[in-house]
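# Report on the structure
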Amino acid sequence: KAGVTQTPRYLIKTRGQQVTLSCSPISGHRSVSWYQQTPGQGLQFLFEYFSETQRNKGNFPGRFSGRQFSNSRSEMNVSTLELGDSALYLCASSLAQDGYTFGSGTRLTVV
Amino acid sequence: AQKITQTQPGMFVQEKEAVTLDCTYDTSDPSYGLFWYKQPSSGEMIFLIYQGSYDQQNATEGRYSLNFQKARKSANLVISASQLGDSAMYFCAMREVRTGANNLFFGTGTRLTIIP
């Protein structure tokens, strides 16, 4: 079966711009969560969506937002990009609470 | 306090040897799940093994086993007969059930290098 698909794989943006990342979960999975991975902070939870509702949110500024569509695909948006937003952004989909499948990630570089 | 602690930033292991990656956790939730993931240089997080806090037996998946010592709050990953393809970052993660939050807390990872 198809895994979790994240697009694009790589992205280069300029400070001050905004960016939208996409995540298509495994078919049938209604929960999608997002994580930011940086060398300094490691893997940090951004937010989780379930059935189009944000169910949980990590400790990130309001510039980071997301949404989920009726087909469970999710997008995350970062506005007013800063250099420190350069990171690997991973999304994970889950059906049950003992299994999280991650995508390959989107590597964002802010210059 | 850190919820997940991985004290080995890097390890070098000879091919075909067994390797143990350490993980300790901190939670007051009686119900939790523990996960190990492998992250190759490509970036994808690959699920390896899961252990629930109420599971009586240690989890095993092929060459991977989880040495779960609940009283010590330890969940070490054991890889038997290591292979060159095992070279990657390894992350231990935990999900707490009581909070109802469906998110994982990750450790800082261990970079495993298998030497031919």
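Note that the structure is predicted; figures quoted are calculated from it, not measured.

### Some words on the nonpolar core
The biggest cluster of nonpolar side chains holds 25 residues, and the ones touching the most others in it are Tyr25(B), Trp36(B), Ile49(B), Leu77(B), Tyr90(B) and Leu112(B). The set of elements that each furnish at least two residues to this core consists of strand 2 (10–14), strand 3 (19–21), strand 5 (32–39), strand 6 (46–52), strand 8 (64–69), strand 9 (74–79), strand 10 (88–96) and strand 12 (110–115) of chain B. Counting residues per element, this core draws most heavily on strand 10 of chain B, which supplies four residues. Tyr25(B) has contacts with Lys3(B), Ile4(B), Tyr32(B), Leu34(B), Phe68(B), Gln69(B), Lys70(B), Lys73(B), Ser74(B), Ala75(B) and Met94(B), leaving out every residue within four places of it along the chain. Within the second largest apolar cluster, 21 residues are counted, among which are Leu11(A), Cys23(A), Val78(A) and Leu108(A).

### Some words on the pairing of strand 6 of chain B
A regular strand places its side chains on the two faces of the sheet in alternate fashion. Residues and elements named next belong to chain B. Sheet topology places strand 5 next to strand 6; six bridges connect them, and they run antiparallel. Residue pairing in the sheet places Lys38 in a bridge with Ile46 of strand 6. The antiparallel pairing of strand 5 with strand 6 creates a hairpin that spans six residues between the two strands, and Gly43 there sits at a positive phi of about 105°.

### Notes on unusual backbone geometry
Residue and element names in this part refer to chain A. Residue Pro8 is bonded to the preceding Thr7 through a cis peptide linkage, with omega at -10°. Among the structural elements, Pro8 can be located in the loop between strand 1 (5–7) and strand 2 (10–13). Phi is positive for Ser51, which is not a glycine, with a value near 45°. Mapped onto the elements, Ser51 comes out in the loop between strand 5 (42–50) and strand 6 (53–57).

Reading the values: rules and limits
- Residues numbered from 1 in each chain as written.
- Chains lettered and ligands numbered in written order.
- Predicted model: local features only at pLDDT ≥ 70, side-chain atom pairs only at ≥ 80, totals over all residues.
- Heavy atoms only, no water.
- Core = buried A, V, L, I, M, F, W, Y, C linked by side-chain atoms within 4.5 Å.
- Buried < 20%, exposed > 50% of the residue type's maximum accessible area, 1.4 Å probe, protein only.
- Helix = DSSP H or I, 4+ residues; strand = E, 2+ residues; numbered from the N terminus.
- Contact = heavy atoms within 4.5 Å.
- Pairing = 2+ DSSP bridges.

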